[in-house]
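Below are the chains, spelled out letter by letter.
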Amino acid sequence: MTEPVVLVLNSGSSSIKFQIVEPVAGRAVGSGLVERIGESSGRVVYHHPGGVCERDLAIADHTAALHAVEEVVAAAGRSLDEWGVVAVGHRVVHGGSVFHEPTVVDDEVVAEIERLSPLAPLHNPSNVVGIEEARRLLPDVPHVVVFDTAFFHTMPEAAVTYAIDAEVARANGVRRYGFHGTSHEYVSGRAAAFLGRDLGEIDQIVLHLGNGASASAIQGGHAIDTSMGMTPLEGLVMGTRSGDLDPGVILHLHRNAGLEGDELDDLLNRHSGLKGLCGENDFRALLELVADGDPAAKLAYDVYVHRLRRYIGAYLVELGGVDVITFTGGVGENNPDVRRDALAGLARLGILVDQDRNEAVEQAERRISADGSAVEVLVIPTNEELAIARKTIALV
């Protein structure tokens, strides 16, 4: 029997990431990126079993981008039809209070995702465009949407409720939703499998650390808290996002610096975090600056780790102790300094990181805790595309 294949699409405002995934085998047989959509000079990169195809060309819009995907895949020797794509899985950032499960796309679903755009103005509109164009390009296969917020639907009311006027909150959809849910769900499941333990019997902290970053507390396979809130701006310090901020700062900047809504949005989402503190949001470059003695970079790193440790501590209390702490994401998987410093000095809590294991350069799932550590510390590479593909194939 031929292995079913799912095309996974992640459509952003100026880029589309794609993977051709065999969900049963658990592998991507092709992956790529279309970037600089709408600019005078765009680029398509496709990694396939025979090598890499790259093209530089103007990509006017998402329609042109998806046609470019179709063409570059075919040019590599095997078209999407020849791959036998049976479904398309779409990552959608915000499902609001409406979507809690993977959902087959129809016109009503698209309209509802679009209606939720005020909750994720940087993401949902682009997700909608990508879905609509993909449905036109591949009309004969089912399309499924998988939501970043869905995994956190299980959080208790105390964890999702902001302490503002209840009627104002209800009328405007103001509550905590959480993001990176597909990654947190996948990684927590893989952590349990790595340890050979029942997911329903262990308590976990998952730290998804990349340019965007989030933490979660997972009890028996169900999320009970997470660091991101109504938007992906809340929580940890990130590459360009501020994370937690006194709301009074926003009022102060509006009243005293004259910053309006769009300017504040741009400041907090694109010019804050590590970039705002030291001018650099790439973690590798940040650590080079720290090594060179740059004081702003050192402060940025310290603030980043301080916030991370604060959330780890909060979730240790919320869970009443923890069985496993897992690092994932680009920084979490590849940066031993962050892992070491995030868990330093926690021996009294049963958390011990082994220096050699932590510093070993590996890409596989692995344990980095010391043999005497009561808490397991793991590094588990995330694979949101595989998770989306598996959810898609299970539904269709």
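What counts and how
- Residues numbered from 1 in each chain as written.
- Predicted model: local features only at pLDDT ≥ 70, side-chain atom pairs only at ≥ 80, totals over all residues.
- Heavy atoms only, no water.
- Domains from an automatic or database assignment.
- Contact = heavy atoms within 4.5 Å.
- Buried area = accessible area lost by both parts, 1.4 Å probe.
- Salt bridge = Lys/Arg side-chain N within 4 Å of Asp/Glu carboxyl O.
- Nonpolar A, V, L, I, M, F, W, Y, C, P; charged D, E, K, R; others polar.
- UniProt positions renumbered as here; feature names shortened; annotations may be inferred.
- Helix = DSSP H or I, 4+ residues; strand = E, 2+ residues; numbered from the N terminus.
- Polar contact = N/O pair within 3.5 Å; in protein donor to acceptor, adjacent residues only side chain to side chain.
- 1 Å grid on protein atoms, 1.4 Å probe; cavity = no way out; pocket = protein on both sides within 12 Å on 5 of 7 lines; lining within 4 Å.
- Points joined across faces, edges and corners; volume = space filled by probe spheres on them.

Asks: With reference to specific residues and values, describe the domain arrangement of the protein chain.
Replies: In terms of domains, the protein chain is made up of domain 1 (5–147) and domain 2 (198–384). Once you take the C-alpha centre of each, domain 1 and domain 2 turn out to be 28 Å apart. Between domain 1 and domain 2, the contact holds five residues from the first and eight residues from the second. Across the domain 1 to domain 2 interface the summed buried area is about 470 Å²; carbon plus sulfur atoms make up 52%. Three residues stand out in domain 1 for area buried against domain 2, namely Leu 119, Leu 122 and His 123, and they jointly supply 65% of the buried area on that side. Here domain 1 is connected to domain 2 by zero salt bridges. Its residues assigned to classes, the side of domain 1 that touches domain 2 comprises two nonpolar, two polar and one charged.

Asks: Explain the UniProt feature "active site" (unreviewed entry) in the protein chain residue by residue, including any values.
Replies: Annotation from UniProt places "active site" (unreviewed entry) at Asp 148. For Asp 148, the position within the fold is in the loop between β8 (143–147) and α5 (157–160). Beyond its immediate sequence surroundings of up to four residues, Asp 148 is in contact with Arg 91, Val 92, Val 93, Gly 178, Phe 179, His 180, Gly 181, Thr 182 and Glu 384. A distance of 2.5 Å separates polar atoms of two side chains, one belonging to Asp 148 and the other to Arg 91.

Asks: Run through empty space enclosed by the protein, naming residues and quoting values.
Replies: Evaluation of the coordinates by the stated rule reveals one cavity of 30 Å³ or more. Its boundaries defined by the atoms lining it, the largest cavity holds a volume of some 50 Å³. Forming the boundary of the largest cavity are Gly 96, Ser 97, Phe 99, His 100, Thr 149, Phe 152, His 153, Arg 175 and Tyr 177. When its residues are assigned to classes, the lining of the largest cavity shows three nonpolar, five polar and one charged.

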